[in-house]
Amino acid sequence: EAQVTQNPRYLITVTGKKLTVTCSQNMNHEYMSWYRQDPGLGLRQIYYSMNVEVTDKGDVPEGYKVSRKEKRNFPLILESPSPNQTSLYFCASSLSPYGTDTQYFGPGTRLTVL
Amino acid sequence: AQKVTQAQTEISVVEKEDVTLDCVYETRDTTYYLFWYKQPPSGELVFLIRRNSFDEQNEISGRYSWNFQKSTSSFNFTITASQVVDSAVYFCALSEEPSGGSYIPTFGRGTSLIVHP
């Protein structure tokens, strides 16, 4: 079954405690991306990756890091989380950012930073 | 700069009614991509369609159809014979052709569709 998995689904943490949200896809997709969703601000892209070892900043990259060492995994790293990073996070993947192929989303990670 | 406007914040219909969700976009690029997504009350995001700017043909998928009109910079989404399961927030998004390697979509604020039985 084609899927994007994210872990954890829910996380409550404290300011400054490093955390990683994992994202993995089983479709051999080249393009992966991270989004955050906030009330009043909508959906915004954090980072994206066109392929292994190729990553680039999205709209709101400050405070986040990513890596793409393998095609299937695209973890989101918060080195020193702050309360303004409390949000709902989605990982997504597709064959490419253009074309008409389907984009798949993970189930979301609800992060609360105290 | 790219911009997406979904002027309808919330739409309420009764089951079996047809409903159209509006999406108006702004871009200076000639090559761009338009998207629609669905977010049901359970919270997940579901991709519905991606269309590039060179393909103005309307798309139909079951009860869903999309009308892309460059002349009015619109990419409207119609649900025919709506059902309760269509209740969700629907997002329209735009991504311009990457320049300098950037590929960053802009999302509309979403339209909440409520379908009453």
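Relevant structure appears above.
The notes below deal with the structure included here. (Residues numbered from 1 in each chain as written. Chains lettered and ligands numbered in written order. Predicted model: local features only at pLDDT ≥ 70, side-chain atom pairs only at ≥ 80, totals over all residues. Heavy atoms only, no water.)

1. Details of the pairing of strand 8 (residues 64-69) of chain B
Residues and elements named next belong to chain B. Selection criterion: The criterion for strand pairing is that DSSP finds at least two bridges linking the strands in question. Numbering of helices and strands runs from the N terminus, with a helix taken as a DSSP run of H or I at least four residues long and a strand as a DSSP run of E at least two residues long.
Here 3 bridges tie strand 7 (residues 59-61) to strand 8, and the two strands are oriented antiparallel to one another. Following the sheet pairing, Glu59 is matched in strand 8 by Trp66. As consecutive antiparallel partners, strand 7 and strand 8 are separated by 2 residues, and within that stretch Gly62 has a phi angle of approximately 65 degrees, a positive value. In this structure, strand 8 lies alongside strand 9 (residues 74-79), joined through 6 bridges in antiparallel fashion. Within the sheet, the bridge partner assigned to Tyr64 lies in strand 9 and is Ile79. Turn length for the strand 8-strand 9 hairpin, with the two strands adjacent in sequence and antiparallel, is 4 residues, and the turn residue Ser73 shows positive phi of about 50 degrees.

2. Things to note about the state of the cysteines
Put plainly, a disulfide is one covalent bond tying together the sulfur atoms of two cysteines. Residues and elements named next belong to chain A. As a reminder of what qualifies: Disulfide assignment relies on a single distance test, namely cysteine sulfur atoms paired within 2.5 Å. Each residue gets one of three labels from its accessible area relative to the maximum for its type: buried under 20%, exposed over 50%, partly exposed in between, using a 1.4 Å probe on protein chains only.
Scanning all chains against the criterion turns up 2 disulfides over all chains. Here Cys23 connects covalently by a disulfide to Cys91, the sulfurs 1.8 Å from one another. Taking the sign of the torsion about the S-S bond as the criterion, the disulfide between Cys23 and Cys91, at about -70 degrees, is left-handed. Taken together, the positions of Cys23 in strand 3 (residues 19-25) and Cys91 in strand 9 (residues 87-94) put the pair 68 residues apart, joining distant regions of the chain. Cys91 shares its class with Cys23; the two are buried.

3. Digging into the packing of aromatic side chains
The cut-off we apply is this: For Phe, Tyr and Trp, where Trp contributes only its six-membered ring, two rings pair if their centres lie within 6.5 Å, and the inter-plane angle classes them as stacked under 30 degrees, edge-to-face over 60, or tilted in between. Definition used: whenever NZ (Lys) or CZ (Arg) falls within 6 Å of the ring centre and also within 35 degrees of the ring normal, the charge is taken to sit over that ring.
In this structure the tally under the stated criterion is 18 aromatic pairs over all chains. Ring geometry for Tyr32 of chain B against Phe68 of chain B: centres 6.5 Å apart, planes inclined by 80 degrees, an arrangement best described as edge-to-face. Of this pair, Tyr32 of chain B sits in strand 5 (residues 32-39) while Phe68 of chain B is found in strand 8, placing the two residues 36 residues apart along the sequence. With a relative accessible area of 3%, Phe68 of chain B lands in the buried category. With centroids separated by 6.0 Å and ring planes inclined at 85 degrees, the aromatic side chains of Tyr64 of chain B and Trp66 of chain B adopt a geometry described as edge-to-face. Judged by its relative accessible area of 4%, Trp66 of chain B falls in the buried class. Put simply, the rings of Tyr35, Phe90 and Phe105 of chain A together with Phe35, Tyr37, Phe47 and Phe107 of chain B touch in pairs and so form one group of aromatic residues. Above the plane of the ring of Phe74 of chain A lies Arg68 of chain A, whose end atom (NZ or CZ) is 6.0 Å from the centre.

4. Some words on the interface of chain A and chain B
Note the threshold: Residues count as neighbours in contact if any of their non-hydrogen atoms are within 4.5 Å of one another. A simple way to read buried area is as the amount of 1.4 Å-probe accessible surface that goes missing from two parts once joined, with both sides added. In protein, a polar contact means a hydrogen-donor-capable atom and an acceptor-capable atom, both N or O and within 3.5 Å, with residues adjacent in sequence counting only if both atoms are side-chain atoms; elsewhere, any N or O pair within 3.5 Å suffices. Only Asp, Glu, Lys and Arg are considered charged in this grouping, and only Ala, Val, Leu, Ile, Met, Phe, Trp, Tyr, Cys and Pro are considered nonpolar; every other residue, Gly among them, is considered polar.
The interface is formed by 24 residues belonging to chain A together with 18 residues belonging to chain B. Of the roughly 1900 Å² buried between chain A and chain B on both sides combined, carbon and sulfur atoms contribute 56%. Connecting chain A to chain B are 4 residue pairs in polar contact (both at pLDDT 80 or more). Only strand 4 (31-38), strand 5 (42-51), strand 6 (54-57) and strand 9 of chain A provide two or more residues apiece to the side of chain A that touches chain B. When its residues are assigned to classes, the side of chain A that touches chain B shows 10 nonpolar, 10 polar and 4 charged.

5. Some points on the environment of Trp66 of chain B
All names here are of chain B. Relative to the helices and strands, Trp66 resides in strand 8. Considered as a pair, Trp66 and Thr20 are 46 residues apart in the sequence and their alpha carbons are 9.2 Å apart. Not counting residues within four places of it along the chain, the set of residues in contact with Trp66 comprises Trp36, Leu48, Ile49, Asn58, Glu59, Ser61, Phe75, Asn76 and Phe77.

6. Focus: the environment of Asn73 of chain A
All names here are of chain A. Along the chain, the position of Asn73 falls in the loop between strand 7 (65-66) and strand 8 (76-78). Along the backbone, Asn73 and Gln25 are 48 residues apart, and their C-alpha atoms lie at a distance of 6.7 Å. Discounting chain neighbours no more than four positions away, the residues touching Asn73 are Cys23, Ser24, Met32, Ser67 and Arg68. Engagement of the side chain of Asn73 in a polar contact is seen with the side chain of Ser24, the distance being 3.0 Å.

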